[in-house]
Amino acid sequence: MDIVLIGSGNVAAVLGRKFVAAGHNILQVLSRNATSASELAYEWNTESANYTSLINKEADVYIIAVADRAIEEVVADISLPGKVVAHTAAAVDMSVLKKVTANYGVFYPLQSLRKDQEEMPETPIYTEAANEEAKKVLDQLAQSIYKNAVFEADYDKRTKLHVAAVFVNNFTNHIFTLAEKYCQQEGIDFSELLPLINNTFFRLHKASPGSLQTGPAARADMETIHKHREMLGKHPQILEWYDLFTERILKSPLS
Ligand SMILES: NC(=O)c1ccc[n+]([C@@H]2O[C@H](COP(=O)([O-])OP(=O)(O)OC[C@H]3O[C@@H](n4cnc5c(N)ncnc54)[C@H](OP(=O)(O)O)[C@@H]3O)[C@@H](O)[C@H]2O)c1
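Heads up: these notes are all about the structure in this document. (Residues numbered from 1 in each chain as written. Predicted model: local features only at pLDDT ≥ 70, side-chain atom pairs only at ≥ 80, totals over all residues. Heavy atoms only, no water.)

### Quick notes on the sheet that holds strand β1 (residues 2-6)
- Pairing within the open sheet is mixed, and its eight strands lie in the order β3-β2-β1-β4-β5-β6-β7-β8. The sheet is open, and its two edges are formed by β3 (47-49) and β8 (150-152), each paired on a single side. Averaged over neighbouring strand pairs, the angle between their axes works out to 25 degrees when direction is ignored.
- The strands that helix α1 (residues 10-21) touches are β1, β2 (25-30), β4 (61-64) and β6 (103-109); relative to β1, the one it contacts most, it runs at about 170 degrees. (Pairing = 2+ DSSP bridges. Helix = DSSP H or I, 4+ residues; strand = E, 2+ residues; numbered from the N terminus. Axes fitted to C-alpha atoms, helices over the stretch in contact; angles between N-to-C directions. Contact = heavy atoms within 4.5 Å.)

### What about helix α5 (residues 155-186)?
- Across its 32 residues, α5 extends 45 Å between first and last C-alpha, which sits within 8% of the 46 Å expected from 1.5 Å per residue.
- Of all the bends in α5, the greatest measures close to 35 degrees and is centred on Val166.
- Residues Arg158, Ala165, Leu178 and Cys183 constitute the buried set of α5.
- On the buried face of α5, the contacting elements are β5 (84-87), β6, β7 (125-129) and α9 (236-251). (Expected span 1.5 Å × (residues − 1). Bend = angle between axes of the 7 residues up to and from the residue. Buried < 20%, exposed > 50% of the residue type's maximum accessible area, 1.4 Å probe, protein only.)

### Topic: the pattern of salt bridges
- All chains considered together, the criterion is met by ten salt bridges.
- The salt bridge partner of Lys160 is Asp156, with a shortest N-O separation of 3.0 Å. Of the two residues, Lys160 and Asp156 are both situated in helix α5; the distance of four residues between them amounts to about one turn of the helix.
- When the shortest N-O distance is used, the salt bridge between Lys251 and Glu247 registers 3.4 Å. With Lys251 and Glu247 both in helix α9, this residue pair falls four residues apart, about one helical turn.
- According to the relative accessible area criterion, Lys251 is exposed, its value standing at 59%.
- Among the charged side chains, a salt-bridge network with shared partners connects Lys135, Asp139 and Glu152. (Salt bridge = Lys/Arg side-chain N within 4 Å of Asp/Glu carboxyl O.)

### Some points on the pairing of β2
- Judged by how many residues are buried, β2 sits mostly within the fold: five of six residues are covered.
- Across five bridges, β1 lies against β2 in parallel orientation. The residue of β2 that forms the bridge with Val4 is Gln28.
- In this fold, β1 hands off to α1, which returns the chain to β2; that crossover is right-handed.
- Across three bridges, the pairing between β2 and β3 is parallel. Along β3, the bridge assignment pairs Val29 with Ser48.
- In this fold, the crossover linking β2 to β3 by way of helix α2 (residues 34-43) has right-handed handedness. (Right-handed = clockwise from strand over helix to strand, strands pointing away.)

### Examining the side chain of Ser31
- Take Ser31: it is sitting in the loop between β2 and α2.
- A polar contact is formed between the side chain of Ser31 and the backbone nitrogen of Asn33, at a distance of 3.1 Å.
- Setting aside chain neighbours within four positions, we find Ser31 in contact with Gly7, Ser8, Ala37, Ala49 and Asn50. (Polar contact = N/O pair within 3.5 Å; in protein donor to acceptor, adjacent residues only side chain to side chain.)

### What about unusual backbone geometry?
- Positive phi values are uncommon outside glycine, yet Asn45 reaches one of about 50 degrees.
- Residue Asn45 is classed as exposed on the basis of its relative accessible area of 74%.
- Here Ala220, not a glycine, exhibits a phi torsion of approximately 55 degrees, which is positive.
- Checked against the element boundaries, Ala220 lands in the loop between α7 (216-219) and α8 (222-231).
- Classification of Ala220 by relative accessible area gives partly exposed; the value is 44%.

### A short note on the environment of Glu72
- Within the fold, Glu72 resides in helix α3 (residues 71-75).
- Judged by its relative accessible area of 57%, Glu72 falls in the exposed class.
- With 55 residues separating them along the chain, Glu72 and Thr127 place their C-alpha atoms 19 Å apart.

### Concerning the environment of Glu240
- Residue placement: Glu240 occurs in helix α9.
- For Glu240 and Arg229, which are eleven residues apart along the polypeptide, the C-alpha to C-alpha distance reads 9.7 Å.

### Overview of the environment of Met231
- Here Met231 is to be found in helix α8.
- On a C-alpha basis, the gap between Met231 and Glu39 in space is 48 Å, while along the polypeptide they are 192 residues apart.

Rendered as structure tokens:
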């Protein structure tokens, strides 16, 4: 398919690489950020533009990968009758694209994507569209990059998935960041924790997290908890999290 990518951040870069690897043709990278747009265009040997008035109107599909809050503003002056146009946001209703074309939809990758990743990790793609024609094209495009990982989700399901994703990825990563900072300040190598981190994730494939809780709070080992709290006196930010999680787990891992 001939594709125009709108946006030049993480999702545009990662999806663009997958599209090219699957044999699609990126006709244009359109982004307000001229530098990153031309970097991606150079990578894919194509053209870039940084004004919506210069949009290439010859593509089959237009993928809009800009900040959620910018989607409406970016499409305000774009009209692409007959073309398939989709955004990549979980938390934005597809109707934001209604005035651009009748063939609008969503192409949402449920994954944490970063431009600097060498390989795109396994990524379920959730599609939704205003009509059969657009849905078929978006599903075909998704299947061309992830054969068995294409699912359907309307706005309601997508936003619920997004909330859960914020917990399992964004918040977890913030906790890792705090732990890494603690390790640095205490002269411990964070990488010594990687086997534990790997096991924490690996066993989720086999059992429910609620049945897997271990640690001082799950055992109600109050003496150990007091010792930890004393040690964290000089790390007030981490102590705040320690107390919050400890209190919740003491009550019940599922409450
Ligand atoms: N990254 C993920 O893991 C992920 C996963 C699934 C879905 N998504 C969704 O994909 C979309 C893009 O996310 P991303 O992670 O690629 O974001 P990103 O790396 O921050 O890139 C955002 C892009 O939007 C542009 N932009 C921001 N504000 C703009 C505005 N007011 N007008 C025009 N362009 C604007 C940025 O341009 P500048 O460089 O000039 O700021 C940049 O090209 C979002 O809807 C997000 O919810 C992200």
